[in-house]
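Next come the chains, spelled out residue by residue.
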Amino acid sequence: MSDATALGDGPTAKVAPSPARRVPVGRVVVSVVVAAVLVALPFMFPAFRVEQFVGWMALAIAACGLNLLTGYNGQISVGHGALYGTGAYATALLITDLGWPVWPSVAAAGVICFVVGVAIGLPALRIKGLYLALVTLAVATLFPLIIEQFSSITGGGSGLSITTPQETPRGVIERPIRLESPGGSLAPDQWKYFVFLVLTVVVFVVMRNIVRSRTGRSLVAVRDNETAAEVSGVHVARVKILTFGVSSAMAGIGGAVFALNNGRINPSSFTIVVSIYFLIAVVVGGAASVIGPAIGAVAYGLFIDVLSPELPERFKPATPVILGVLLILLMLFAPGGIVGMWRTSAAKRAAKRARAATAAAASGDTV
Amino acid sequence: MTDFLQVLFVGIGDGAIYAMLGLGLVVIYRSTGLLNFAQGEMAMFSTFIVWTVWDLGVPLPLAVIAGMVGGFGVGALAHQIAVRPVGDPHEKPLAVVMVTIGLFVGLNSAAQLVWGTLDRDLPPLFGSGGIEVAGVAIAWQKIGAVIVLAVLALGFYLLFQRTGLGLAMRAVASNSESASLVGVPVPKLLMLGWGLAAAVGTVAGVFTAPGRGLGSNMMQLTLIFGFAAITLGGFDSLLGAVVGGFVVGIASSVVPQYVPGFEKMPLAPAFILILAVLLFRPEGLFGRKQVQRV
């Protein structure tokens, strides 16, 4: 992990001789524009596109969780697809089989995945780095087989539809779940978009607060040097296990969003490839930056959902080839991802400004 | 009893394949210190090269050799352009994992791009017949896998223990800085290690394809079995890869057959092995203990 990504705005702080605190006009403008675009999107695109956007949100939430674990805490998981799947199946089963309402099911999916994450986090105390990557890779590969094994509950290879009993003129029947706006003022896809957009924003705000808190600093301390963190009074084991739990809960909530968006899940949606996508979203956006996974998820979504279908059938596999090559190039030349590149260039500009200021001051002295 | 022997022999045959992939993983671990998550995809890719050459009308054994040469090229190239520039795997594990994953994704879809998404048929190297011993049918293909594994393992043993080149490779594995100081061309040997690993991977692919169908995802399960084999055997031990391969092969064949609740999870015993060994005996059966100087 390069230093540029290590500690929030470290490089800028180091280079620029802390200027007086002013209103970050640029940042406010960018936030307003982003917010406006996010609100406008579902009115500008057809329903299938809007549903794809919701899919990107599911990816962003799960990648956000993975970022907490891998980016901030340095524990590499190639198995978050399994937790995503656990969240999706938990949500589907709670709604369909136990008749739970939607939101308690989503919350329960998060709690269940937290517990599973803690269970995985325990052995991860002794298994580190590449070896943890290996174990989690095995978990990811095992997950679809577990779903097939317990097909009496999970529906096996043919999958599960999320259904709820609904009143009809012909009595109560099980129908595919639909999230609908009260009063029907918005189309179902638009309503779904806004509901899950709020959830996504909440997850990212929680993430930001965790990272900026004392706990967040202890996460980074554990990543950078476990012994030093321990000596400084950080309870390393507790931090690592809790991080695994929280990160898994986020992946589970992402899975819940995925399940509710699609209305149907099957084991082929949770293969090793999904875990790889999460990692890609994290490192492309920028590991150890709060907003990085969201940027990574959008970049990935644009690539797969928008660019790829434009290609002729024969050349569809070309997109992952480009993705693989880009990933390698990124690791070689910009391990901080998109956010890392932005920070480096921002730091360079700040340095330039600082130099210019010193030069001006120096010439001022001589006059 | 006959049933059990049947299951056992299937396990031994599969185990030989896992051991072959494991040998490649060990060679890479010994030379560059990393777990190569793209090993299975490299094997898959070079098996497609075998298929292409065979499809042109070349006899299969010659095609396999051509595929091994091609695989050597893929492995050496992957090391030169992607793995070496990224740096030390134990200092930057995330970057190294991501690079091997980039190779994984890239090779997997490159194979789909070149050879399409439909499975190809590669005939078994040792024919589809078999012999019957004590009422148990054993396919020539399984016996062939064990023999080929023995030849490969012996070849690696001789290379590492009896030749100057092998000595140099061991020097790089044990302390690359000192090796470099006494004039060993370290980068070249690392490249050679990756090439060799990919070349033996080809053979693992050639034995996997006839049973599973030659497709871009065929090696993903085999990769986990191969990793389980070398975890059990010890990441840096060639002998360990062989012993571990057989143990994993037999376990993943016997357990789903006889333990209720595991029918569809041949991977579960391998997973439990990986987890248990890493938790309680990280050096495996034959590996060297990793000691860290504080």
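Residues numbered from 1 in each chain as written. Chains lettered and ligands numbered in written order. Predicted model: local features only at pLDDT ≥ 70, side-chain atom pairs only at ≥ 80, totals over all residues. Heavy atoms only, no water.

Caption draft 1: Structural context of the state of the cysteines. Residues and elements named next belong to chain A. Enumeration according to the criterion identifies zero disulfides over all chains in this entry. C64 takes part in no disulfide bond, and the closest cysteine sulfur to it belongs to C113, at a distance of 15 Å. C113 sits in the buried class, given a relative accessible area of 0%. (Disulfide = S-S within 2.5 Å. Buried < 20%, exposed > 50% of the residue type's maximum accessible area, 1.4 Å probe, protein only.)

Caption draft 2: Spatial organisation of the pattern of salt bridges. Here the structure, examined in full by the defined rule, presents six salt bridges over all chains. Linking K128(A) and E226(A) is a salt bridge whose minimum nitrogen-to-oxygen distance equals 3.5 Å. Placement of K128(A) in the loop between α5 (102-124) and α6 (129-149) and of E226(A) in helix α10 (residues 226-231) is noted, with a sequence separation of 98 residues between them. Put simply, K142(B) and D14(B) hold a salt bridge, and the shortest N to O gap is 3.4 Å. Here K142(B), found in helix α5 (residues 140-162), pairs with D14(B), found in helix α1 (residues 2-32); they are 128 residues apart in sequence, far enough to count as distant. (Salt bridge = Lys/Arg side-chain N within 4 Å of Asp/Glu carboxyl O. Helix = DSSP H or I, 4+ residues; strand = E, 2+ residues; numbered from the N terminus.)

Caption draft 3: Fine view of the interface of chain A and chain B. On the chain B side, the residues contacting the 40 residues of chain A number 49 residues. When the two sides are added together, the surface that chain A and chain B hide from each other amounts to roughly 3,900 Å², 83% of it contributed by carbon and sulfur. Area buried by chain A at its contact with chain B is led by L130(A), Y131(A) and L134(A), which between them contribute 18% of it. The interface formed by chain A and chain B contains six residue pairs in polar contact (both at pLDDT 80 or more). Looking at the side of chain A that touches chain B, the elements with two or more residues in it are α6, α12 (272-285) and α14 (318-333) of chain A. With 15 residues, the top contributor of residues to the side of chain A that touches chain B is α6(A). Residues belonging to the side of chain A that touches chain B are distributed by class as follows: 31 nonpolar, six polar and three charged. (Contact = heavy atoms within 4.5 Å. Buried area = accessible area lost by both parts, 1.4 Å probe. Polar contact = N/O pair within 3.5 Å; in protein donor to acceptor, adjacent residues only side chain to side chain. Nonpolar A, V, L, I, M, F, W, Y, C, P; charged D, E, K, R; others polar.)

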